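What follows is each chain in one-letter form.
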Amino acid sequence: KNVTIYGMSNIGCCLYDELENSDIEIRYIIDKNPNGMENIIDMASLDNELITDVIVVTVAMGAEQIIDEIRSKGYQKVIGINEILDEFNRFM
């Protein structure tokens, strides 16, 4: 029941805010351009071994390329925020 959030732009920050007080632990935050976020939140790197149940990519543009890059590093449980929203909309 833990998650890594990749991308701390608007969508990533909203996801963080929603999960922060839930029973899901935010294990890591990853962002290539943290823009000062590293002073507020501990950041991780895909170059280090991450112990996480899933990585959620919150980047809208180029998400497939990022997901492929993450998977090439050995992480198989990776999902894009667009996939989550599509699944949510399917049940609406």
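Nothing here was measured: the structure is a model prediction, and the numbers come from that model.

Peer 1: Quick rundown of the sheet that holds strand S2 (residues 25–30)? Include the residues and the values.
Peer 2: What the four strands build is an open sheet, ordered S2-S1-S3-S4; its pairing is parallel. Sheet topology places S2 and strand S4 (78–80) at the edges, where each strand pairs with a single neighbour. Neighbouring strand axes in the sheet, compared pairwise and without regard to direction, differ in orientation by 25° on average. Examined bridge by bridge, strand S1 (residues 2–6) and strand S3 (residues 54–57) share four bridges and lie parallel to one another. Looking at S3, one finds that valine 3 is bridged to valine 54. Across the sheet, helix H3 (residues 81–90) lies against S3 and S4, angled at about 70° from S4, the strand it touches most.

Peer 1: So what about the nonpolar core? Which residues, and what values?
Peer 2: Counting 13 residues, the largest nonpolar core has Tyr6, Leu46, Ile55, Val57, Ile70, Tyr75 and Val78 as its most contacted members. Elements represented by at least two residues in this core include exactly S3 and helix H2 (63–72). Examining the composition of this core, we find that four residues originate from one element, H2, more than from any other. Of all hydrophobic cores here, the second largest spans 12 residues; its members include Met8, Tyr16, Ile29 and Val56.

What counts and what doesn't
Residues numbered from 1 in each chain as written. Predicted model: local features only at pLDDT ≥ 70, side-chain atom pairs only at ≥ 80, totals over all residues. Heavy atoms only, no water. Pairing = 2+ DSSP bridges. Helix = DSSP H or I, 4+ residues; strand = E, 2+ residues; numbered from the N terminus. Axes fitted to C-alpha atoms, helices over the stretch in contact; angles between N-to-C directions. Contact = heavy atoms within 4.5 Å. Core = buried A, V, L, I, M, F, W, Y, C linked by side-chain atoms within 4.5 Å. Buried < 20%, exposed > 50% of the residue type's maximum accessible area, 1.4 Å probe, protein only.

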